[in-house]
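Residue-level listing of the chains:
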Amino acid sequence: MKKEDVAFFDRNESYSVLERGLPHWAQAGTLCFITWRLADSLPASACQRLDVDIAIVLGDEGLSAQGDWRAELMLRDDAARGNVHWKLFATRDKYLDAGYGRCLLRKTQHALEVIKSLRHFDEDRYFLTDAVVMPNHCHFIAAFCSEEVMLKQCEEWKRFTARKINAAEGIKGEFWQVDQFDHLIRSESQFEHYRRYIGNNPTAANLRESEYRHFCKEIT
């Protein structure tokens, strides 16, 4: 994919919603903000506290964590849904920034492996604009030509990097958490917001320069 193939989300064009652990919206050529986390990044104790914080966010928005809040949220307009989803994402990301788990991506060679993998087929299979690899998660922005390509590429990235890093560590087992957070970017201003978020995430998490890797493409 090239820059001229990339766009922002347009509700009037064809798109799909895939329900897994999280809902995944996909539209051909649309820039998407994606987050992966390591399998051990949120231990049970952290998940329990996170559930409480999420329930508070939902309650503040007039939604019940005990009910079908996702169905209730779908009845609201795009701006309202986006606001709630962002608050939920930010709440989860604060827990990731706390640095739970082994944080294997803090090691420079592993973080570089992820960045190298993300960039390998850039402007061929997809169009990548930004990425940051944190100690136990990563964020990136990319556009894909279809939902199938996005899901297939993400699975290939995860499988390849997991195999490489597990082999280097001499360990086995699940490396990445199966599900991912993704959000279709709806405007230039939202694109710049997510780019800033990616660039500022290491500072917000109080990381040293050696503890993360950041990629940002100059787009003219």
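The structure we're discussing is the one just above.
Parameters and conventions
- Residues numbered from 1 in each chain as written.
- Predicted model: local features only at pLDDT ≥ 70, side-chain atom pairs only at ≥ 80, totals over all residues.
- Heavy atoms only, no water.
- Buried < 20%, exposed > 50% of the residue type's maximum accessible area, 1.4 Å probe, protein only.
- Helix = DSSP H or I, 4+ residues; strand = E, 2+ residues; numbered from the N terminus.
- Pairing = 2+ DSSP bridges.
- Core = buried A, V, L, I, M, F, W, Y, C linked by side-chain atoms within 4.5 Å.
- Expected span 1.5 Å × (residues − 1).
- Arc of directions from axis to C-beta.
- Contact = heavy atoms within 4.5 Å.
- Salt bridge = Lys/Arg side-chain N within 4 Å of Asp/Glu carboxyl O.
- Phe/Tyr/Trp six-rings, centres within 6.5 Å; stacked < 30°, edge-to-face > 60°.

1. Comments concerning the pairing of strand S4 (residues 126-133)
Sheet faces and side chains relate simply in a regular strand, where the side chains alternate between the two faces.
Then, in step 1: The buried fraction of S4 amounts to eight of the eight residues, a majority that puts the element mostly inside the structure.
Then, in step 2: Between S4 and the antiparallel strand that follows it, strand S5 (residues 137-144), lie three residues.
Then, in step 3: As paired elements, S4 and strand S7 (residues 213-216) share four bridges and run antiparallel to each other. What sits directly across from Val133, in S7, is Arg213.

2. Observations regarding the nonpolar core
Then, in step 1: Within the largest apolar cluster, 28 residues are counted, with the highest numbers of intra-cluster contacts made by Trp36, Phe140 and Trp176.
Then, in step 2: Of all the secondary structure elements, the ones that give two or more residues to this core are strand S3 (31-37), helix H4 (108-120), S4, S5 and helix H5 (147-169).
Then, in step 3: Among the nonpolar cores identified, the runner-up in size contains 17 residues, and Phe33, Phe191, Tyr197 and Ile198 belong to it.

3. So, helix H1 (residues 44-60)
Then, in step 1: Compared with the 24 Å implied by 1.5 Å per residue over 17 residues, the 24 Å span of H1 between its first and last C-alpha is a close match.
Then, in step 2: Residues of H1 that are buried include every one of Ala46, Leu50, Ile54, Val57 and Leu58, and no others. Along the axis of H1, the buried positions cluster into a sector of 105°, meaning they face one direction only. Pointing more than 90 degrees away from the buried face of H1 are the exposed residues Gln48 and Asp51.
Then, in step 3: Contacts from the buried residues of H1 go to helix H2 (69-74) and helix H3 (78-97).

4. Description of the pattern of salt bridges
Proximity of charged atoms lets side chains of opposite charge pair with each other.
Then, in step 1: Using the criterion set out here, one finds 11 salt bridges in the structure.
Then, in step 2: With a shortest N-O distance of 2.4 Å, Glu156 and Lys152 are connected by a salt bridge. You can see Glu156 and its partner Lys152 sitting in helix H5, four residues apart, about one turn around the helix.

5. Remarks on the packing of aromatic side chains
Then, in step 1: Across all of its chains, the model carries 17 aromatic pairs by this definition.
Then, in step 2: Arranged with centres 5.4 Å apart and planes meeting at 85°, the rings of Phe33 and Phe89 form a pair that is edge-to-face. Taken together, the residues span a long stretch of sequence, with Phe33 in strand S3 and Phe89 in helix H3 at a distance of 56 residues. Summarising the burial analysis for this pair, Phe33 and Phe89 share the class buried.
Then, in step 3: Here the aromatic rings of Trp86 and Phe89 are separated by 5.2 Å at their centres, their planes lie at 40°, and the arrangement is tilted. Taken together, the residues span about one helical turn, with Trp86 and Phe89 both in helix H3 at a distance of three residues.

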